[in-house]
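Letter by letter, the chains look like this.
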Amino acid sequence: MTTFARMSSVALFFFALVFGVVMGRSSWDGAVFLSHTSSLMKNRNPAAIRKDLDFSKLSGDELITASQKRLVTAARVILEKETVGVELGHFVTRDANGDRQLACDFYDRMRLRFEAEGVASSGEKPELEIEGPCRTSSDITRIEPLWIPVQRILGEKVG
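Residues numbered from 1 in each chain as written. Predicted model: local features only at pLDDT ≥ 70, side-chain atom pairs only at ≥ 80, totals over all residues. Heavy atoms only, no water.

Here the focus is the overall build of the protein chain. Along the backbone of the protein chain there are 4 helices and 9 strands. Helices and strands appear in the protein chain in the N-to-C order α-β-β-α-β-β-β-β-α-β-β-β-α. Taking all 159 residues of the protein chain together, 25% fall into the buried category. Taking all contacts inside the protein chain whose residues are at least 6 apart in sequence as the whole, residues at least 24 apart take part in 48%. For the protein chain, the accessible area works out to roughly 12,300 Å², and carbon and sulfur atoms hold 57% of it. (Helix = DSSP H or I, 4+ residues; strand = E, 2+ residues; numbered from the N terminus. Buried < 20%, exposed > 50% of the residue type's maximum accessible area, 1.4 Å probe, protein only. Contact = heavy atoms within 4.5 Å. Areas by Shrake-Rupley, 256 points an atom, 1.4 Å probe, with all protein chains shown as cover.)

Shown next as structure tokens:
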């Protein structure tokens, strides 16, 4: 075997070794995962979402009604130690170009407003409004919880 052939074999071996290590670090049980923020996934089309969560064919009042219903009917309260979070349902909509897109990929922020029922101050219901980022949860049918600053609220002076 010539020197060139040996060097080529050694180089090919090390290339394969490096490639295997890189692929092994970015896979789990042989399956390769790409994060949703990956440049390859920026313009993904959510094809494997359930039909009942696909509102891409709706518009106007139908879209507003269906999206509000989905957000609220799938809502869950998350209790962790001294924090409370509200997790909402996710759905597919259309972007400005007409392409199907997850709601949190289209809307980057969300706002929740809570009103106290049966309580009034000067004829006005007390309100709490929380705003935060809209992010897809690991379960694509849900939006990551929006955390309510309970300790901060309890620490404020009643007004």
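Empty space within the largest pocket amounts to approximately 520 Å³. Lining the largest pocket are 18 residues, and of these Leu71, Leu88, Phe91, Met110 and Arg111 lie nearest its centre. Top contributing element to the lining of the largest pocket by residue count: helix H2 (residues 60-73), with 6 residues. Looking at the second largest pocket, it is lined by 13 residues, and the ones nearest its centre are Pro126, Glu127, Leu128, Ile153 and Glu156. Among the secondary structure elements, those contributing two or more residues to the lining of the second largest pocket are strand E8 (127-133) and helix H4 (150-155). Take the lining of the second largest pocket: its biggest share by element is 4 residues, from E8. (1 Å grid on protein atoms, 1.4 Å probe; cavity = no way out; pocket = protein on both sides within 12 Å on 5 of 7 lines; lining within 4 Å. Points joined across faces, edges and corners; volume = space filled by probe spheres on them.)

Sheets are built from strands paired through backbone hydrogen bonds, the pairs being either parallel or antiparallel. The sheet built from 3 strands is open, its strands ordered E3-E4-E9 with antiparallel pairing. Of all the strands in the sheet, the pair left with one neighbour each is strand E3 (76-80) and strand E9 (146-148). Taken over all neighbouring pairs, the strand axes of this sheet differ in orientation by 30° on average, direction set aside. Two strands pair when backbone bridges link them, and strand E4 (residues 83-87) and E9 are joined in this way by 3 bridges, in the antiparallel orientation. In the strand pairing of E9, Gly85 is matched with Trp147. (Pairing = 2+ DSSP bridges. Axes fitted to C-alpha atoms, helices over the stretch in contact; angles between N-to-C directions.)

Where charged atoms from two side chains of opposite charge approach closely, those side chains can pair. Tallying each qualifying case throughout the model produces 8 salt bridges. Across the pair Glu131 and Arg109 runs a salt bridge, and its minimum N-O distance is 3.1 Å. Of this pair, Glu131 sits in strand E8 while Arg109 is found in strand E7 (residues 109-115), placing the two residues 22 residues apart along the sequence. Judged by its relative accessible area of 43%, Glu131 falls in the partly exposed class. We note a salt bridge from Arg111 to Glu129, for which the minimum N-O separation is 3.6 Å. Of this pair, Arg111 sits in strand E7 while Glu129 sits in strand E8, and the two are 18 residues apart along the sequence. Each of the salt bridges in this network shares a partner with another, and the network as a whole consists of Arg109, Arg111, Glu129 and Glu131. (Salt bridge = Lys/Arg side-chain N within 4 Å of Asp/Glu carboxyl O.)

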